[in-house]
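# Analysis of the macromolecular model
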Amino acid sequence: MSQVGDFKHVPHVPPTPAANPGPLGLSAFALTTFVLSCFNMGAGVPSGGPVQIVLGLALFYGGFAQILAGMWEFKVGNNFGATAFTSYGAFWLSYAVILIPGFGVVAAYANAPDHTLDNALGIFLLAWGIFTFIMWIATFRSTVTMSSMFFILVLTFFFLASAHLSHLPAGNIVTRIGGGLGLITALLAWYNAASGLYNSTSTFVRLPTGSLAHAHSD
């Protein structure tokens, strides 16, 4: 009985505030996008060449780590961050599946009519472009840097989709432009991640992001 009485008098300890998962999700997205975009652009490697080096990143950093960030965004009540990080984490995992021979995605098109694989990849990228456009509209009251990142990502998906749907050869200019836009997207994602990391407890550096919260009235 005395133990029960003592337990009743244990002081309440408030829960530790949850950390901001945004920088992790943005960093995972940025790095994976940067590497793949270098291949698309032909920066240091031939455009249209093998991209298997991206596979590990797509699985573990852009994929798994970003989905974890999305789940933690649900925990802190950020609907936009949860939707974005979980979705783009799933994008990278699905992209990795295309690259892994064991899943048989590319092999399934071996005997298909000409350009069937190109068309399928084009539709895949186009769908992600449409989703990203929807997400971009949801950034109109966020920040200039966040909204710009999503807008350029929309263009990235549409350029890459166009290259496939137009059946252009490897290393074509449209894919290279898409790669260049992807690099800009990655840099903006890193910038947004850094703006969330750089706070008064970690550094004196501050990065302006340009609030859009009051740009439009209700």
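Described below are features of the structure shown in this document. (Residues numbered from 1 in each chain as written. Predicted model: local features only at pLDDT ≥ 70, side-chain atom pairs only at ≥ 80, totals over all residues. Heavy atoms only, no water.)

## Remarks on the packing of aromatic side chains
In the structure shown here, the tally under the stated rule is 16 aromatic pairs. Between Trp128 and Phe131 the ring centres are 5.7 Å apart and the planes differ by 85°, which places this aromatic pair in the edge-to-face class. Taken together, the positions of Trp128 and Phe131, both in helix 5 (residues 116-137) and three residues apart, correspond to about one turn of that helix. Through a chain of ring-to-ring contacts, three or more aromatic side chains come together here, namely Phe29, Phe80, Tyr88, Phe91, Trp92, Tyr95, Phe124, Trp128, Phe131, Phe150 and Phe157. (Phe/Tyr/Trp six-rings, centres within 6.5 Å; stacked < 30°, edge-to-face > 60°. Helix = DSSP H or I, 4+ residues; strand = E, 2+ residues; numbered from the N terminus.)

## Description of helix 5
Taking 1.5 Å of rise per residue, 22 residues should cover 32 Å, and helix 5 covers 32 Å from first to last C-alpha, within 8% of that figure. Among the structural elements, helix 4 (79-99) and helix 6 (144-165) are those in contact with the buried residues of helix 5. (Expected span 1.5 Å × (residues − 1). Contact = heavy atoms within 4.5 Å.)

## Here's the deal with the nonpolar core
Grouped together as the largest cluster of nonpolar side chains are 35 residues, with contacts concentrated most on Val51, Tyr88, Trp92, Met149, Phe150 and Phe157. The biggest single contributor to this core is helix 6, with nine residues. When neighbours within four sequence positions are excluded, Trp92 is seen to be in contact with Phe29, Thr32, Thr33, Leu36, Val54, Ala58, Gly62, Gly63 and Gln66. (Core = buried A, V, L, I, M, F, W, Y, C linked by side-chain atoms within 4.5 Å. Buried < 20%, exposed > 50% of the residue type's maximum accessible area, 1.4 Å probe, protein only.)

## Overview of unusual backbone geometry
A positive phi angle, close to 70°, is found at His115, a residue other than glycine. Its place among the elements puts His115 in the loop between helix 4 and helix 5. Of note, His167 is a non-glycine position whose phi angle comes to about 60°, a positive value. Structurally, His167 is set in the loop between helix 6 and helix 7 (173-197). By relative accessible area, His167 is classed as partly exposed at 30%.

## Here's the deal with the layout of surface pockets
If you add up the space inside the largest pocket, you get close to 820 Å³. For the largest pocket, the lining is made up of 34 residues, of which Asn40, Val51, Tyr95, Leu121 and His164 are closest to its centre. Mapped onto the lining of the largest pocket, the elements with two or more residues apiece are helix 2 (22-41), helix 4, helix 5 and helix 6. Classifying every residue of the lining of the largest pocket gives 21 nonpolar, 12 polar and one charged. Of the pockets and cavities examined, the second largest pocket occupies roughly 380 Å³. If you trace the second largest pocket, you find 25 residues lining it, with Gly22, Leu26, Glu73, Phe85 and Met146 closest to the centre. If you list the elements that add at least two residues to the lining of the second largest pocket, you get helix 2, helix 3 (55-76), helix 4, helix 6 and helix 7. Among the residues forming the lining of the second largest pocket, the class breakdown is 12 nonpolar, 12 polar and one charged. (1 Å grid on protein atoms, 1.4 Å probe; cavity = no way out; pocket = protein on both sides within 12 Å on 5 of 7 lines; lining within 4 Å. Points joined across faces, edges and corners; volume = space filled by probe spheres on them. Nonpolar A, V, L, I, M, F, W, Y, C, P; charged D, E, K, R; others polar.)

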